[in-house]
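Coordinate analysis (summary)
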Amino acid sequence: MKKSGPCCRCPSLKPSRNTAQFYLLFLLIALYMLVGALVFSSLERPAELQAHRLWEKRSEDFAHKHGISLGELKSLLRHYEEARISGVRTEQGRALWDLPGAFYFVGTVVSTIGFGVSAPSTVAGKILLVFYGLLGCSASILFFNLFLERVITLLTNILLWCRRNGPAAQVQEKRDGPAEGNKPLKPSIYQLSLILFVVVMLVACAAASLYSAMEGWTYLESLYFCFVAFSTVGFGDLVSGQRAQHGETRAYQVANCLLMLLGVCCMYSLFNSIAVIIKQALSWLLGTLERLYNTIGDCRRQLRPLFKFCIPESNTCYCDDKSPNKKHTIAVYSSDHGTYGKAHIVTISNRNMT
């Protein structure tokens with residue numbers, strides 16, 4: 001029996017729009033990561049295997065040349081890996097834990113870059129880092145959000161000034177007279193993203209020129225380092241300001257810190273604006289899927305009378321109206337007319353129902 005009306009209380013299994021966006025975004029991120037893993041594996045795996053083969057050959061040649069066993073050589077290398085955590089390098093670099101080095105370290109912590117060049121080796125330092133990073137990273141995220149608000153306010157004032165003093169505004173003022181007031185004007189998310197992208201590129205290109213001159217990297221390596229640092233990914237394969245001569249170049253150290261701060265703020269703001277665009281794209285995609293689903297349902301309902309037989313619906317709603325005179329209309333199918341039988345319309349009341 002199927003009864004439609006205000007008395008039906010069937011729970012809906014359809015998720016809300018926000019929940020659907022969450023699930024769809026999760027699936028898209030998982031698919032994006034899978035595609036990225038396949039691409040990077042095909043690009044980097046052959047180079048990794050070649051590097052392993054080359055290292056094994058060099059290790060065997062070195063052990064044979066100097067008359068030592070390969071196990072002793074690997075033991076020495078393991079000790080070096082342990083010492084590297086404390087700042088020991090094959091080439092002398094600047095001190096990691098003097099005041100400028102420690103300041104550089106805490107800067108990578110609170111900005112969530114984490115290059116991995118220096119890390120606490122003492123138990124007290126590791127425990128302190130947990131609480132220090134918790135408060136510092138939270139404060140930095142707040143600072144990045146406030147920076148984005150200032151950028152939006154600045155762009156709003158620039159657009160408002162252009163609307164007041166632009167050529168179109170002057171023509172309209174001559175034609176219609178002075179405007180009584182100005183409506184609040186805010187940049188669209190696309191304008192904001194474009195402007196932030198241009199700012200990030202300008203900062204990255206300027207910083208890459210500085211790093212290429214001071215670090216001896218190529219310009220492409222410097223741009224790569226800028227993206228890794230500004231996006232707070234921080235692989236640690238390239239790190240600025242770690243050479244011995246940089247310890248005496250205070251101006252370069254200050255410029256390095258300022259460029260890091262400015263780049264991270266701009267990149268964080270760009271990520272936020274792009275995230276809003278992605279959310280809008282998800283809403284559009286869900287709306288398109290919903291319209292497609294409704295179109296298919298309408299087509300099925302329009303084509304249903306063309307079939308010679310009727311398939312009974314399996315879902316059932318129960319009515320809370322228990323009055324004995326309440327009447328219901330049901331379809332009774334006989335078994336002697338095809339697979340589903342011939343439908344007979346019968347009206348019964350609650351008094352006669354079993």
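Look up: the structure comes first, before these words.
If you're wondering where the values come from, they're calculated on a predicted model, not measured in any experiment.

Side note on the overall build of the protein
- Within the protein, the secondary structure is distributed over eight helices and two strands.
- Residues counted as buried form 23% of the 354 residues belonging to the protein.
- In the protein, the proportion of contacts linking residues at least 24 apart, taken out of those at least 6 apart, comes to 61%.
- Summed over all atoms, the accessible surface of the protein reaches about 25,900 Å², with 65% contributed by carbon and sulfur.

Observations regarding the packing of helix α1 (residues 17-66) against helix α2 (residues 70-84)
- Taken N-terminus to C-terminus, the directions of α1 and α2 make an angle of 115 degrees; their axes are 9 Å apart at the nearest point. It follows that α1 is roughly perpendicular to α2 by the angle criterion. The chirality of how α1 crosses α2 is right-handed. Counting all contacts with α1, which are made through W55, E56, S59, E60, F62 and A63, the residues of α2 involved are L70, L73, K74 and L77.
- Class assignment for the residues of the contact of α1 with α2 results in six nonpolar, one polar and three charged.

Overview of the packing of aromatic side chains
- Counting across every chain of the model gives eight aromatic pairs.
- Judged by centre distance (5.1 Å) and plane angle (90 degrees), the ring pair of Y211 and F225 falls under edge-to-face. Here Y211, found in helix α6 (residues 189-215), pairs with F225, found in helix α7 (residues 219-230); they are 14 residues apart in sequence, far enough to count as distant.

Brief notes about the side chain of N256
- Mapped onto the secondary structure, N256 falls in helix α8 (residues 250-303).
- Among the polar contacts listed, one links the side chain of N256 to the side chain of Y211, at a separation of 2.6 Å.
- Beyond its immediate chain neighbours, meaning those up to four positions away, N256 contacts Y104, Y211 and S240.

With respect to the pattern of salt bridges
- Counted according to the given criterion, the structure contains four salt bridges.
- Notably, a salt bridge pairs R45 with E48, separated by 2.7 Å at the nearest N-O pair. Linking R45 with E48, this pair stays in helix α1, spanning three residues, or about one helical turn.
- On the basis of relative accessible area, R45 is assigned to the partly exposed category, the value being 41%.
- R301 serves as the salt-bridge partner of D298, at 2.2 Å between the closest nitrogen and oxygen. Placement of the pair is D298 and R301 together in helix α8, with a separation of three residues, close to one helical turn.
- Using a relative accessible area of 34% as the deciding quantity, one classes D298 as partly exposed.
- Taking relative accessible area as the criterion, R301 reaches 52% and is therefore assigned exposed.

Observations regarding the environment of S193
- Within the element layout of this structure, S193 appears in helix α6.
- S193 sits in the buried class, given a relative accessible area of 9%.
- Sequence-wise, S193 and F271 are 78 residues apart; in three dimensions their C-alpha atoms are separated by 8.7 Å.
- Those residues in contact with S193, other than ones at most four positions away along the chain, are L270, S273, I274 and I277.

Brief notes about helix α4 (residues 123-165)
- Look at α4: 62 Å from first C-alpha to last across 43 residues, which is about the 63 Å you get at 1.5 Å a residue.
- Residue Y132 marks the point of greatest curvature in α4, where the axis turns by about 25 degrees.
- Looking at α4, one finds that the buried residues are G133, G136, C137, S140, F144, L148, V151, L155, T156 and L160.

Concerning the nonpolar core
- Residues F115, Y211, F225, C226, F230 and M260 are the most contacted members of the largest nonpolar core, which totals 33 residues.
- Among the secondary structure elements, those contributing two or more residues to this core are α4, α6, α7 and α8.
- For this core, the leading source of residues is α6, giving nine residues.

Section: a nonpolar patch on the surface
- On the surface, L31, L34, V35, L38, V39, F40 and L43 cluster together to form a nonpolar patch covering roughly 710 Å² of accessible area.
- With respect to the helices and strands, the residue L43 is situated in helix α1.

Focus: the packing of α7 against α8
- Where α7 meets α8, the axes come as close as 8 Å, and the angle between the chain directions of the two elements is 70 degrees. The pairing of α7 with α8 is recorded here as roughly perpendicular in orientation. As α7 runs across α8, the sense of the crossing is right-handed. Contacts between α7 and α8 involve F225, F227, A229 and F230 from the former and L259, M260, G263, V264 and M267 from the latter.
- Residues belonging to the contact of α7 with α8 are distributed by class as follows: eight nonpolar, one polar and no charged.

Regarding unusual backbone geometry
- Although it is not a glycine, T112 adopts a positive phi angle of roughly 60 degrees.
- Tracing the chain through its elements places T112 in the loop between α3 (99-110) and α4.
- The residue T232 is not glycine, and still its phi comes out positive at about 60 degrees.
- Inspection of the secondary structure assignment puts T232 in the loop between α7 and α8.
- On the accessibility criterion, T232 (24% relative accessible area) is partly exposed.

How each quantity is defined
Residues numbered from 1 in each chain as written. Predicted model: local features only at pLDDT ≥ 70, side-chain atom pairs only at ≥ 80, totals over all residues. Heavy atoms only, no water. Helix = DSSP H or I, 4+ residues; strand = E, 2+ residues; numbered from the N terminus. Buried < 20%, exposed > 50% of the residue type's maximum accessible area, 1.4 Å probe, protein only. Contact = heavy atoms within 4.5 Å. Areas by Shrake-Rupley, 256 points an atom, 1.4 Å probe, with all protein chains shown as cover. Axes fitted to C-alpha atoms, helices over the stretch in contact; angles between N-to-C directions. Parallel < 35°, antiparallel > 145°, perpendicular 65-115°, else oblique. Left-handed = near helix turned anticlockwise from the far one by under 90°. Nonpolar A, V, L, I, M, F, W, Y, C, P; charged D, E, K, R; others polar. Phe/Tyr/Trp six-rings, centres within 6.5 Å; stacked < 30°, edge-to-face > 60°. Polar contact = N/O pair within 3.5 Å; in protein donor to acceptor, adjacent residues only side chain to side chain. Salt bridge = Lys/Arg side-chain N within 4 Å of Asp/Glu carboxyl O. Expected span 1.5 Å × (residues − 1). Bend = angle between axes of the 7 residues up to and from the residue. Core = buried A, V, L, I, M, F, W, Y, C linked by side-chain atoms within 4.5 Å. Patch = residues over 30% accessible without salt bridge, like charges linked within 9 Å, V, L, I, M, F, W, Y side chains within 5 Å.

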